[in-house]
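Single-letter residue listing:
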Protein chains: 2
Amino acid sequence: MSKIAAVKGTRDFYPDIMAVRNWIVDGWKDASIRNGFVEYDSPIFEYLELYTRKSGDEIVSQLFSMTDRGGRDLAIRPEITPSLARMVNQQINALPRPVKWFSTPRLCRAERPQKGRLREFFQWNCDIVGSESILADAESIYTAVDYLRSVNLTADDIVVRISSRSMLAEVLKAMGFAEDQLNTIYVLLDKKPKVSDEAFAEMAAEQVPDADLRAKMMQLPEVKTLDDIDALAHTDAAKQTVAELRELFTCLDNMGIGEYCKFDIQIVRGLAYYTGPVFEIFDRSESLRAICGGGRYDSLLTILGGPKVPATGFGMGDVVLEILLREKGKMPEFTSTIDYFVIDAGEDVFDRVLKLACDIRSKGKSASFSYKRQNMKKQFKQADSQQAKYAIVVGEETVERNEITVKELATGQQQSVNIEEFLSSLS
Amino acid sequence: MSKIAAVKGTRDFYPDIMAVRNWIVDGWKDASIRNGFVEYDSPIFEYLELYTRKSGDEIVSQLFSMTDRGGRDLAIRPEITPSLARMVNQQINALPRPVKWFSTPRLCRAERPQKGRLREFFQWNCDIVGSESILADAESIYTAVDYLRSVNLTADDIVVRISSRSMLAEVLKAMGFAEDQLNTIYVLLDKKPKVSDEAFAEMAAEQVPDADLRAKMMQLPEVKTLDDIDALAHTDAAKQTVAELRELFTCLDNMGIGEYCKFDIQIVRGLAYYTGPVFEIFDRSESLRAICGGGRYDSLLTILGGPKVPATGFGMGDVVLEILLREKGKMPEFTSTIDYFVIDAGEDVFDRVLKLACDIRSKGKSASFSYKRQNMKKQFKQADSQQAKYAIVVGEETVERNEITVKELATGQQQSVNIEEFLSSLS
């Protein structure tokens, strides 16, 4: 019969690949916990409506959707934020605020696989719900950087590009744009870094026919600093949002990650539901997609039938992160090892081998032995192939005196020890 | 707008529920590693054919299946063994044998939810591929019991019921059954414990019309010991399989888990692909479904286009396990805590609070602070609600001398310490 392959865009996590995934996910968890987040998770599938209500029907083509026996439309989660909003909504009155939750969900998107983008991946999510303080935004960004710093990515390797959706909105309104024109401009500005200047001018002419308004809008991509944007913020509301963004940068400085952070007016985060500060983390050479993206979203809970509750958070995928770590030579080597490989010097003492291996395990150490009764040389070879740290030989005569030989395989050093003494040394 | 609920038969893992899941899964991982298994994982979805080829088209109604943009039929994994077989097949010549792999996959089945059975669950899988030794079967059973023992389930709480599919086959053939009748008898015996004696007699009369053969077959449910079955094993082949099962029990005794294990001829494991020893673990009161099931399956790789390679393993789900642990009062209490909650004695020193919290985190400890600038009483209240172990007060005057007050919240004991000395005490 023919062999069946894995589905394109998914990964088989063989032990060496699994070790990398575990290292990444464990690092995410550690960073979350030391920053005061607690872990949650959602089901892998939800009612399809959870996604269409937030993102419209066009999202359906990007989802793996299915129908259950009762004819209900379901979909595998393409992101966890809608589930988070659903879960928080359900217990909104019972949860002490701020809610600081993290998760490392497996997500699936029905996209065409390409570099840095697979159909199945893992994504670290941290969210702070119930605080409108800029400190919550600062803490969200800090947590992402804290992890990246812990895997030795320096400010020379990565940069956090930060802007504010509310600031952009107020500055555009100060320029004379109407509320219902804003989304058009967000999409336009979001595309700016991805297209040529000519193509951008053409798109701008089409979307903003008013030449005066367009000229003002064209100033925005030229903005480099907060002082530049302050000069364009003519209303009190606009000035207020610039001041808020300045405060965010001050916090990030005080938190010790100022060198990672940079104001960048071009960070818009597409058409998504952001309402305040937004950020994306990139490799400095910008050869890869964003490693991480997030921001403040104060209206998501209402879209799902809940009250208006302020929220901020981010997502970081494993795929681009892994590519970057490999490119920078910052991925550690992983070897799976066992502590003890127990060898019999003859078939008659195998019962003792079995008992000893189990006794070692009951002390919390890992132990293995050969299923085949074979000569010691072959058993030592198997110990090597399993990368055991120590081999233990149970000899036919020595075991009568309750003694075993413990050999450190890296150095070849060995000694005879009493079995009980050896076992009690393990606890 | 109306609220959207979670899909029936799935679970929302709020932090307190997530803590239970993590405790169970981490325990599985620890037990796997100390018994010499290494971790792997498969994609959450596979080509539908991977499941139909192993289990026939009737499996489709139990799967969550979907179609991708290219029109290919996919399904969420209902078990991981087919993926394991696919992955081993793919690297069959590169993998040193025996392959000892474990995984703790999330699985989905389109079943009607009921007690102990959900549509989404986690299952611990350990498999040993490439050894036909009975020691591999013993180690598989040992590993399952080793975990259950580690969560304080004693031989009074649970029992491992063990039989052998090959033994049953040889005994049935010794009785005069033909090879092609065996599956019928497996299904019949599998149903025996679930139906009344009358219903069983009726089913038996229907499936085995030959009165003489049927009378012999009816002896099987009466078999209580290996001696009983030895008396029915009239051929050398049958005697050989009984001897093998005796050897398995001797190994389990030598491994120190004899008291957990019991021979039970009624363990058949349905129509699945087992070819040798089979086992199921139950609570002693038998009020719940099986906690764990497994056995030897020497032909699975060939079904998926690979060579014939011996294999044995088991699966243990989280749902029944959790019910049993709760019933037995063996589920620990989990509280999420943070190490330090940093409090400002006045708004002016908040910068120092922020810096200190980040410095504590950089030492690997968890730290939190209030987003709101509010009086100390309210900040202490927040420290309590986050179950902080210590509160740290940054005072307006003391911080000038580089001093902070560290208060243990459980005892109320507090002391003033130098900031640098405090931080270096954390590493």
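Description of the structure in this document. (Residues numbered from 1 in each chain as written. Chains lettered and ligands numbered in written order. Predicted model: local features only at pLDDT ≥ 70, side-chain atom pairs only at ≥ 80, totals over all residues. Heavy atoms only, no water.)

**Overview of the packing of helix α1 (residues 15-34) of chain A against helix α12 (residues 318-327) of chain A**
Residues and elements named next belong to chain A. Stated formally: Axis definition: a line fitted to C-alpha atoms, over the contacting stretch in the case of helices. Angles run 0 to 180 degrees between N-to-C directions. The numbering of helices and of strands both runs from the N terminus, where a helix is a DSSP run of H or I of at least 4 residues and a strand a run of E of at least 2. Orientation is classified from the angle alone, with under 35 degrees giving roughly parallel, over 145 giving roughly antiparallel, 65 to 115 giving roughly perpendicular, and any other angle giving oblique. Note on contacts: a residue pair qualifies if any of its non-hydrogen atoms lie within 4.5 Å across the two residues. In the scheme used here, Gly and all other residues not listed as nonpolar or charged are polar, with Ala, Val, Leu, Ile, Met, Phe, Trp, Tyr, Cys and Pro taken as nonpolar and Asp, Glu, Lys and Arg as charged.
Direction vectors running N to C along α1 and α12 enclose 105°, while the axes themselves pass 11 Å from each other. With respect to each other, α1 and α12 are oriented roughly perpendicular. Here Val20, Trp23, Ile24 and Trp28 of α1 lie close against α12, whose contacting residues are Asp318, Leu321, Glu322, Leu325 and Arg326. Partitioning the contact of α1 with α12 into residue classes produces six nonpolar, no polar and three charged.

**Section: a positive patch on the surface**
All names here are of chain A. Note the threshold: Only residues whose relative accessible area exceeds 30% and that form no salt bridge enter a patch; like-charged residues are grouped when within 9 Å of one another, and nonpolar side chains (Val, Leu, Ile, Met, Phe, Trp, Tyr) when within 5 Å. For the accessible areas, the method is Shrake-Rupley and the probe is 1.4 Å, while residue cover comes only from the protein chains on display. Between Lys or Arg on one side and Asp or Glu on the other, a salt bridge is scored when a side-chain nitrogen of the former is within 4 Å of a carboxyl oxygen of the latter. Only four residue types enter the charge count, namely Lys and Arg as positive and Asp and Glu as negative; His and the chain termini do not. In this description, the location of a charge corresponds to atom NZ of lysine, CZ of arginine, CG of aspartate or CD of glutamate. For every residue, the accessible area (1.4 Å probe, protein chains only) is compared with the maximum for its type, and the residue is labelled buried under 20%, exposed over 50%, or partly exposed between those bounds.
A surface patch of like charges, here positive, comprises Lys372, Lys377, Lys378 and Lys381. In this structure, Lys372 sits in the loop between β14 (367-369) and α14 (376-385). On the basis of relative accessibility, which here comes to 60%, the residue Lys372 falls in the exposed class.

**What about the relation of the copies chain A and chain B?**
Going by this rule: The copies were overlaid by least squares, fitting only the C-alpha atoms of residues that reach a pLDDT of 70 or more in each copy.
When chain A is fitted to chain B, the residual RMSD is 0.0 Å, and the transformation amounts to a turn of 180° plus an axial shift of 0.0 Å. Here the symmetry operator amounts to a two-fold rotation axis. For chain A, the residue whose C-alpha comes nearest the rotation axis is A:Met66, separated from it by 2.6 Å. Comparing contact sets, 100% of the residues at the interface of chain A also lie at the interface in chain B, consistent with an isologous, same-surface contact.

**Observations regarding the interface of chain A and chain B**
As a measure of interface size, the accessible area lost when the parts come together is often cited. So the rule is basically this: Summed over both partners, the accessible area (1.4 Å probe) lost when two parts come together is defined as the buried area.
At the junction of the two partners, chain A supplies 90 residues and chain B supplies 90 residues. Here chain A and chain B share an interface that buries about 7700 Å² over both sides, 59% of which is from carbon and sulfur atoms. In terms of surface lost to chain B, no three residues of chain A exceed A:Ile4, A:Tyr14 and A:Tyr371, which account for 11% of the buried area on that side. Summed over the shared surface of chain A and chain B, the number is ten salt bridges. Of the charged contacts in the structure, one is a salt bridge between A:Arg119 and B:Asp68, with a shortest N-O distance of 3.6 Å.

**Structural notes on the pattern of salt bridges**
Scanning the entire structure with this criterion turns up 70 salt bridges over all chains. The salt bridge partner of A:Lys115 is A:Glu327, with a shortest N-O separation of 3.6 Å. Remark: A:Glu327 occurs in helix α12 and A:Lys115 occurs in the loop between β6 (106-108) and β7 (120-129); sequence separation between them is 212 residues. Given a relative accessible area of 57%, A:Lys115 falls into the exposed group. Residue class for A:Glu327 comes out partly exposed when judged on its relative accessible area of 46%. Through salt bridges with shared partners, a single ionic network connects A:Arg21, A:Arg106, A:Glu120, B:Asp41 and B:Arg77.

Limitation: the analysis is restricted to geometry and does not speak to function.
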